[in-house]
Structures are given as structure tokens and as C-alpha cells.
Amino acid sequence: MRVAACIVIPIYNHKDAIGGTVANLIVHGLPLVVVDDGSDDATRQVLAELAQRYAGRLTLLRLPVNGGKGAAVMAGLRAARDAGYTHALQIDADGQHDAADVPRFLAAAMANPRAVVLGRPVYDESVPKARLYGRYLTHVWVWIETLSLTIRDSMCGFRLYPLDLACALIDSVKLPERMDFDIEILVRLHWRRVEFVSIPTVVTYAADGVSHFDVLWDNVRISRSHTRLVAGMLARLPLLLAHKVLPRRAFASGAHTPWWQRAERGSLLGMSLLALSCRLFGRRFTSLWLHPVVAYFLLTGRPAREASRRYFDRLAHGAPQPGTPSPGWLTSYRHMLAFAQAGFDKLAAWTGRVDFADVQLDDASALDALLASGRGALVIGSHHGNLEMARALAVRGAHTKVTAIVYTEHAKRFNSVLAGAHRDFAQHLVPVSDFGPQTALMMQERIERGELLVIVGDRTPARETGRTTEAQFLGETAAFAQGPYVLAHALACPVYLLFCLKERSGYRIYFEPFAERIDLPRRGRAEHIAVWAQRFASRLEHYCRKAPYQWFNFYDFWARPSGKANGRT
């Protein structure tokens, strides 16, 4: 993830300090967003002069009346996000913070772009003792509210936010607008499983410094905020305790994050216990555990939940089938439950606990003819249904050699469990990051040996530079990888489509001829690829409408590379 940062400075009547603060910050080359929180005329005049002096590098945002530090910071963060920045470094206007530490904050953000970088004050003798000791009372409450010591200092006004995470919170939750804002936003981000990094930084209190901390009312507000947060902690206690044993997801928000950058959710221990339970107690008993597990991931997996909603929203438009589910919490729960059951069935298939009689081939003629010919073929699958189920049964039944060409980095834990379930799992898996000429050369030998190479056609390449083509899918334009069709052209082999759907009586495999051969002439190459991609997208849409709960791409499939989605959101 790129880091495009700016500096946000909330200010209220710090006319004497703001000039030095700006001068110390401007040398770092970052754009400045100064938010005037209804300051007096003298401060407004100083700010106008600074905006003129640093034109092009300083943006002045004026609020009509004083709303409080929290209101000013939120206005600055939203303005920074709308201007296209990814991160905002908040720093107070009073000059207490060491501007020389700006590069250290930026380096921490580049090392971990999804973390909030917090300043951890290092005080000298200038700090008022009452302020110093009073802060520790708040720290203790924050540690209680988060059940963690991660937030070392929740009141320091020198911090760096990933804007998508911060703005997603401030747009969805009413946060306090005064001094208690700095505390509450951190606690609530922690509840969303955002990571934190602390950096020691010198804080100096000037003898003639101006402080707007109201000892009475701001302490009342902070106490009131802690009351809310403790109540929120108690309501979330089961989830917060679960977070202690479950891995932190690296991307707590951001539904437009590319699929290959999304961290795998679920712990290796939990997956292994399910595998063990399957062996000891059977599928029916073990499957009961899926319901509370799915409920947990539904509640805590906001990006996946929103992606599910977008998918069903598009499914409900265009040409919906009778009984098409409406977007909502229950629909997303059933969607995620179907995904969990599919993963559980993959494990059961590799461990031999799926009867071949439970899997039917809808029309065996195409597969029988291919096997009889002894030819190899490229099979394009998808994340609709249970492609792994078909592969596992083929390997276990020794009907033919089936090799999956997949990207594995985002699902290492689950793949390790499957590898432990069957010794041949890894032998029939070729991990790659993209489908191009080099992959084609590697696969040519397997085709010549009569193997079936299985790839998926409904994910974009696992890197930013991967080539895609656009096709209409569920009434909207979506990006599809060019790789499957380029690979088919290079291999000069027959191409088939494979969908494996779960039905009441078991699984049904749909094996369809797609092309005897895909030719991509140099002239009009892009147009030919687009035609093949559209044909695939049309068949994928057919099966999504046939079995709507069985498409398992839990990210915004219609998002543009810039991160903006097409159509309805």
C-alpha cells in the first residue's frame, strides 16, 4: 500500500505559536492542512498570512465557530481523505511536540501502513506534575477498556492515522468533539482490531504556553467518555476476549483492499481442532461448531460483510431469479455459513469422509470424451461452489491427474491443514502469483502428459501490475484476469469450465466445453480476450443466479484499481 501523507494541525487561538510550528513542519515537504476552529481575529490574521506565505503547501480550513479539538481534527481528517491522501499526521499547534520526529512517524507508517502511529511522550522538567499524574488515570482506564496495554499513551496530540480506517470510524460512530476525542477514537479503533505502533517523542511545555484544557469541564467530559467506553467494553467482552486468542486481521477496514492483500482470518489452532473433530466425531457433529464460528466472523468481519451485501445487491438487480435473497444480515450470515461449510467439505473430501456417491456429474459426456482421448486440457473454475471438492475426489479416485494453479499466500493456514489431511495435496498444487508466458512454459509439459490444469477465472491477478479486461457481470462492469485466456492460447489445448455446486442430495459437478482452442491474433488481441472473458462472466453469472449463496469472493469484486467501486454501493 502506498503512503501519501499530509499533516493536520487543529488550532484555536494559538497565534504566537503557530508560525514556529508551521516553519518546523514545512521543511519535511508534506502538505499542511490547518484547521482553524473558530479562532479570534488576531489568530485568523496570522493564519491568513501563513496561508499566503506557504501557498500551494498549506491549506487553510476555517470552521465558523469553535467546536472543540475533536471537531477540528475530524474536519481535517475528512478534508485530507477527500483530497486523496492515505495518511494524516495530527500534531497540535502549540509547539509542544518535536517536529524533528516527523520522519520517524512516516517511516513507521511505511513499515506498517494499516497501523495508527502514536507518540509516547518523553517529558522534561517543564511538565506540570498534575497533568503528568492525571494522564496515568486515563491510561489505566484505556487499558481496562481495551483489555490491552497496546495504547501506551492515549492523550498525546502527535499521532498518525491511516485515513480510511479513521474516517470509516468517524463516519459511522458519533465521537466526542472536545478533548475526549483523542481518547475515544483510539479505543474504538482498537475495538475494530486496528494495530498500534508507539514512538517515543519529546514533549516540552512552554512557560508562557496557552492551554485550552478546561480542568473542570474537560475532566467531566473525559469521565463521561470513560463511562461510555467501559459500558462498551462490557458489551463487547466476549469478542474482546476472543481477540486475545485469534489472530489480528491486518486490514480492519477498507472494503476495497485487493483480495491478495487481505489477511487470512482464523487461527491455525482453530482449523486444526476442526480437522481433528472431523476425524474423531464425524462431519455431522463437527459441522455444528460452524454456526457460532460464522456468527463471530459475521460480527467482526465488516469488510467481508459489506462485500457480501454488495454482491447480493447486484444479484437482486438486473434479471433476478425467483427467490433471489435480499441483502441483509441474515443473507450475509447464510452466505458466510455456506463458505464455512464449503471449507469444511474440502477438508472432509481430502480426509476421505465424502462418499463418491454423494457427488454426481450433471452430464458426463464431455469429461468421458476428454479422458478417452488422453489429451490434457485447461479447466477454468471459479470461487463459485466448491472447486476443491472436485479436485480432491479426482485425486483420491485416481480418475486423472489434476493440478491446481493457484495463489496461496493469503490462505497459508488453511492450505497447511489440507496438506496434513492428504499427502498428495501439495503434489497437485502449483502456487503462482500471475498467469503469463512463464507459467505457460511450466505447464506445457503437464498438458502433454494428459493432465487437467485447473485455474480460476474470477479473480484479478495477485499484483498491482497484472493485466485485466472488463466484462459485464451481474449488471456492472468488473475486471477479470487476462491470464487464463493467454495461458490457453499458449498451451493450444482444449478449454473447459468446471462448477461444483452443493445441492440437497450432495454435490453436482458441471463440466462444460468452453473452446476447442483459444487463438489470440496480434491484431485485435485485446478485443478477443474481452470476448472470452465476457463468455466466462456470463456463465459465472448463470451459476451465481442458480446458487446465489455459493459465490465466495468476499471483497469488492467491482472495485476499480483506484479503489472506487462501480455502480451501487
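Just so it is clear, the structure is predicted and the values come from calculations on it, not from any experiment. (Residues numbered from 1 in each chain as written. Predicted model: local features only at pLDDT ≥ 70, side-chain atom pairs only at ≥ 80, totals over all residues. Heavy atoms only, no water.)

Remarks on the environment of L47
On the secondary structure map, L47 appears in helix 2 (residues 41-53). The spacing of L47 and H14 is 33 residues in sequence and 9.9 Å in space, taken between C-alpha atoms. The contact partners of L47, leaving out residues within four places of it in the chain, are I11, I18, V34, D36, L60 and R62. (Helix = DSSP H or I, 4+ residues; strand = E, 2+ residues; numbered from the N terminus. Contact = heavy atoms within 4.5 Å.)

Regarding the pairing of strand 1 (residues 5-11)
Among the seven residues that make up strand 1, seven are buried, leaving the element largely enclosed by the rest of the structure. Here strand 1 shows two buried faces, one formed by A5, I7, I9 and I11 and the other by C6, V8 and P10. With four bridges connecting them, strand 1 and strand 4 (residues 87-91) associate as parallel partners. In the strand pairing of strand 4, I7 is matched with L89. Across five bridges, strand 1 lies against strand 2 (residues 32-37) in parallel orientation. When the bridges of strand 2 are listed, I7 appears paired with L32. Read as a crossover between parallel neighbours, the route from strand 1 over helix 1 (residues 18-26) to strand 2 is right-handed. (Buried < 20%, exposed > 50% of the residue type's maximum accessible area, 1.4 Å probe, protein only. Pairing = 2+ DSSP bridges. Right-handed = clockwise from strand over helix to strand, strands pointing away.)

Quick notes on the packing of helix 3 (residues 69-82) against helix 6 (residues 163-172)
Packed helices, taken two at a time, are described by the angle between their axes plus the distance between the axes. Their axes nearest at 10 Å, the elements helix 3 and helix 6 cross at an angle of 125°. Comparing the axis directions of helix 3 and helix 6 gives the class oblique. Crossing handedness for the pair helix 3 and helix 6: left-handed. Touching M74, L77, R78, A80 and R81 of helix 3 are L163, A166, C167, I170 and D171, all from helix 6. Partitioned by chemical class, the residues of the contact of helix 3 with helix 6 number seven nonpolar, no polar and three charged. (Axes fitted to C-alpha atoms, helices over the stretch in contact; angles between N-to-C directions. Parallel < 35°, antiparallel > 145°, perpendicular 65-115°, else oblique. Left-handed = near helix turned anticlockwise from the far one by under 90°. Nonpolar A, V, L, I, M, F, W, Y, C, P; charged D, E, K, R; others polar.)

By themselves, these observations are geometric and do not establish any function.
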